[in-house]
Amino acid sequence: MSDVQVRIRVDNEAELAEALGIAERAPEVTAEVVEGETTEGPDAQIAPIFAILIGASVIAAAKFVNDVVHSWRDKGVVVDLRPDAPDTVYKDPDLRAGWVVVVLADGKVTVEVKPAREDAWERLLAELLDGAFESVKSVADAAKKALGDDAVKSDDDGETQA
Amino acid sequence: MFEPEGGVDPAKLVLSRYDVHRDTFSGDKSSELWDAVELARARGELGQGRRVAVIDTGFDLRIPALAAQHTVWPTRSETRTAHGTVVALLIREVAPEVGLDLYPVGVGDQIDEDLLVRAISEAVTSDVDIINLSIGEKRPIRGVLDYARVVGGTERWPDMGAEDEPFWMGEAIRRNNSWRTWLTPRTPTRVEAAVLKAVEGGKVVIAACGNKADFMFTPALLPGVFAVSFLRAVRTQFAADTERVLAEKPFGYSQSQFSDFGLEQPELTLGSSFATPLVTGFAATMPDLGTLGPHRDAVRLAANGDELRWLIHPSSLGWERRWGVVDESFQDAVNASPHHHWQLADDDRVPCPECSLFASQAFIDGGLFWLRCARLEPAETALSASTRFAPLNPHAAANLGMLYAVRASLARDAHDLTGAAQLLLLAAKQMTIAAHLRPDCDECRLRAAEFAAAEADPGTWAFRPAFEPFPAFALKPASAAANKDL
């Protein structure tokens with residue numbers, strides 16, 4: 001497995017604090033805030049922050065992302081693996097807590113991450129971040145195997161959880 | 001890169017730790033800065049009688065501590081105030097009795113350059129002692145730094161190898177002693193002209209080093225300005241019982257590598273903007289602002305020695321000249337430190353807040369370096385002085401304790417058991433102090449017990465040095481060592 005970079009969108013100071021706190025406790029993860037572009041001329045020496053860019057092995061990155069997702073207890077989360085996605089991980093206010101939408105170029109898979117299946121989900125997440133899957137169908141199959149049939153809905157099934 | 005409007009304000013993250021009723025920030029205050037602040041407070045140095053111009057975005061005057069300050073003109077209604085508010089409050093956190101002149105120069109999310117120039121110009125003619133500028137404009141290094149100037153005048157060493165390169169560069173840095181001499185001369189901008197006039201007018205200008213690696217920022221890069229950064233202290237065990245503390249880039253954000261003073265980064269504090277007011281506040285507590293320049297030189301020289309000392313491999317050819325660069329850097333650093341604590345008699349050595357903050361690296365790391373070189377006299381001079389001026393620094397006490405233990409082992413080997421016992425008593429005392437200051441340091445506690453027990457019977461004590469001396473420097477009694485004065 002290789003090293004990856006994951007961009008995690010933060011929407012408020014509490015999310016930023018939680019994500020940075022998790023990164024501080026994970027020495028194998030490097031984390032850097034992504035600031036807005038500064039304008040010409042002098043600036044206050046900190047610009048608004050839009051995301052945290054982390055660099056880590058896929059195993060460490062998966063653990064980090066999972067920990068961050070855990071800290072966002074109120075809403076579900078999107079993991080957008082499309083190459084041109086501006087952010088890899090972000091909250092979706094329309095998604096129930098405990099649900100994760102995995103977006104690929106050909107569609108999306110929605111999974112429910114139950115506490116009893118955390119370890120299996122983290123392993124699957126590492127494979128996802130490592131680019132191990134090329135289609136929604138392959139992700140859905142792997143997710144069903146790891147999390148159970150009832151925890152997975154995909155475009156491939158003709159229905160989407162939202 | 002396009003970014004949507006909005007975003008999270010990192011200043012609010014810091015502001016969330018401010019307790020308006022108690023007028024203080026919560027959070028860990030165990031760094032060298034706060035040790036120095038504690039020493040200053042013990043001397044009643046709280047910033048009274050000093051005035052600071054805080055030139056920043058805007059200020060939230062609903063906070064009583066800021067409402068009580070002098071606001072030169074009102075903050076524009078649409079301006080985000082968290083940044084300026086935090087900067088002003090952090091200055092007061094360090095120097096609670098300093099007077100602030102608040103100059104709001106923000107408009108929306110940006111700095112109004114006309115207002116900025118006006119603020120600096122008005123501050124120059126006011127009675128402020130210090131101008132705080134947590135503001136900067138970035139410049140690509142390639143555009144301002146002339147590499148020929150970095151090594152200008154330093155001839156290449158004969159037969160230089162790859163291993164010599166960082167030391168040869170370090171020698172050039174030691175001789176120049178200011179990265180600002182490496183900059184290509186150019187016509188100052190309007191803001192720069194105003195800042196230079198402030199410096200020429202005798203104001204101390206303290207500026208953020210800037211938040212982008214591989215860039216330099218103005219006004220921090222201007223001559224006479226003090227540039228401030230955050231650093232992260234990374235502690236690692238590199239032997240079973242020896243801790244190495246390295247200053248590394250700050251956590252969570254990108255920062256310019258060019259600064260004069262680096263403070264340990266507090267948790268969840270992102271940006272050199274917030275390091276700057278901490279140094280400004282500390283400067284406001286200093287009896288003589290004229291010592292800030294010499295402290296800057298000492299810090300720079302000590303950092304040069306520190307960066308290079310880990311690269312010495314005495315077994316390789318030509319190591320002596322590489323060692324010499326480190327030795328000279330630490331000697332120059334100690335000598336540049338303005339108070340010359342090493343020259344003072346014991347009775348005149350008292351805690352010194354500013355040297356605790358700015359001179360510890362020169363004295364403690366220099367002392368440790370000389371200890372490894374078996375140059376026990378300068379090592380003892382430096383470490384002994386540091387335990388007096390920085391009594392809250394556990395590294396000063398621990399390293400002095402080890403030095404006494406080394407000397408005790410030499411005395412024991414020379415069959416001077418009485419002398420060895422006396423030195424072991426001193427070693428145990430210093431290690432006990434270190435263990436008290438660093439309760440998490442098991443090694444300090446174990447060493448204190450070891451030395452105390454050995455004092456009773458030095459003849460059977462099996463000394464295990466915590467460091468390997470450089471092979472070329474065999475430890476021998478201090479009187480016979482080839483020591484030279486600092």
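Residues numbered from 1 in each chain as written. Chains lettered and ligands numbered in written order. Predicted model: local features only at pLDDT ≥ 70, side-chain atom pairs only at ≥ 80, totals over all residues. Heavy atoms only, no water.

> I'd like to hear about the overall build of chain B, residue by residue, with values.
Along chain B, the regular secondary structure elements total 18 helices and 14 strands. Over its C-alpha trace chain B gives a radius of gyration of 24 Å, about what one expects of a compact globule, namely 23 Å for 486 residues. The principal-axis extents of the C-alpha atoms in chain B amount to approximately 80 × 55 × 40 Å. Evaluated residue by residue, chain B yields a buried proportion of 57% over its 486 residues. Within chain B, counting contacts between residues at least 6 apart in sequence, those at least 24 apart form 76% of the total. As displayed, chain B has an accessible area near 20,300 Å², and 53% of this comes from carbon and sulfur atoms. (Helix = DSSP H or I, 4+ residues; strand = E, 2+ residues; numbered from the N terminus. Rg over C-alpha atoms; globule rule 2.2 N^0.38 Å. Buried < 20%, exposed > 50% of the residue type's maximum accessible area, 1.4 Å probe, protein only. Contact = heavy atoms within 4.5 Å. Areas by Shrake-Rupley, 256 points an atom, 1.4 Å probe, with all protein chains shown as cover.)

> Lay out the interface of chain B and chain A with the relevant residues and their values.
Taken together, the 39 residues of chain B in the interface contact 30 residues of chain A. When chain B packs against chain A, the two sides together hide about 2,800 Å² of surface, and 62% of this comes from carbon and sulfur. Along the contact surface separating chain B from chain A lie 1 salt bridge. For Arg232 of chain B, the salt bridge identified is with Glu24 of chain A, shortest N-O distance 2.7 Å. On inspection of chain B and its partner chain A, the count reaches 6 residue pairs in polar contact (both at pLDDT 80 or more). Residue assignment for the side of chain B that touches chain A shows that the elements contributing at least two residues are helix H1 (10-15), strand E7 (110-111), helix H5 (113-125), strand E9 (135-140) and helix H10 (272-285) of chain B. With 4 residues, E9 of chain B is the largest single contributor of residues to the side of chain B that touches chain A. (Buried area = accessible area lost by both parts, 1.4 Å probe. Salt bridge = Lys/Arg side-chain N within 4 Å of Asp/Glu carboxyl O. Polar contact = N/O pair within 3.5 Å; in protein donor to acceptor, adjacent residues only side chain to side chain.)

> Lay out the nonpolar core in plain terms, naming residues and giving numbers.
By size, the foremost hydrophobic cluster in this structure holds 105 residues, and its most contacted members are Leu16 and Trp121 of chain A. Residues within four places of Leu16 of chain A in sequence aside, it is in contact with Val10, Val33, Ile49 and Ile52 of chain A together with Val8, Leu13 and Leu270 of chain B. The next biggest cluster of nonpolar side chains, apart from the first, holds 103 residues, and it includes Val105, Ile312, Phe389 and Ala408 of chain B. (Core = buried A, V, L, I, M, F, W, Y, C linked by side-chain atoms within 4.5 Å.)

> Summarise the pattern of salt bridges; cite the residues concerned and give the values.
Residue and element names in this part refer to chain B. For the structure on display, the rule yields 40 salt bridges over all chains. Linking Glu171 and Arg174 is a salt bridge whose minimum nitrogen-to-oxygen distance equals 2.9 Å. Taken together, the positions of Glu171 and Arg174, both in helix H8 (residues 165-176) and 3 residues apart, correspond to about one turn of that helix. On the basis of relative accessibility, which here comes to 14%, the residue Arg174 falls in the buried class. The closest approach of N and O atoms between Arg438 and Asp440, which form a salt bridge, is 2.8 Å. Take Asp440: its relative accessible area is 55%, and that puts it in the exposed class. Members of the salt-bridge network, linked through shared partners, are Glu163, Asp164, Arg321 and Arg322.

> Tell me about the side chain of His83 of chain B, residues and numbers included.
On the secondary structure map, His83 of chain B appears in helix H4 (residues 82-94). Beyond its immediate chain neighbours, meaning those up to four positions away, His83 of chain B contacts Ala44, Gln45 and Ile46 of chain A together with Ala11, Asp56, Thr57, Ser134, Ser273 and Phe274 of chain B.

> Tell me what's going on with the confidence of the model for chain B, and back it up with residues and numbers.
Residue and element names in this part refer to chain B. Per-residue confidence for chain B averages 90 on the pLDDT scale, and 92% of its residues sit at or above 70. Note that residues 1-5 has pLDDT below 50 and, in this model, 11 contacts with residues that lie over four places away or in other chains. Here residues 476-486 scores under 50 on pLDDT; set against residues more than four positions off or in separate chains, the count is 27 contacts. The complex model carries a pTM of 0.91, and its ipTM stands at 0.83. (pLDDT = per-residue confidence, 0-100.)

> An account of the environment of Asp43 of chain A is needed here, citing residue identities and associated values.
Among the secondary structure elements, Asp43 of chain A is positioned in strand E3 (residues 43-44). Accessibility expressed as a relative area gives 10% for Asp43 of chain A, which makes it buried.

> Residue-level account of helix H3 (residues 118-129) of chain A, with values.
All names here are of chain A. With 12 residues, H3 should reach 16 Å at 1.5 Å per residue; the first-to-last C-alpha distance of 16 Å fits that figure. Among the residues making up H3, those that are buried are Glu118, Ala120, Trp121, Leu124, Leu125, Ala126, Leu128 and Leu129. On the buried face of H3, the contacting elements are strand E1 (3-9), helix H2 (58-71), strand E5 (76-80), strand E7 (99-104), strand E8 (107-112) and helix H4 (136-147). A positive backbone phi angle near 75 degrees is found at Gly131, which sits one or two residues after H3. (Expected span 1.5 Å × (residues − 1).)

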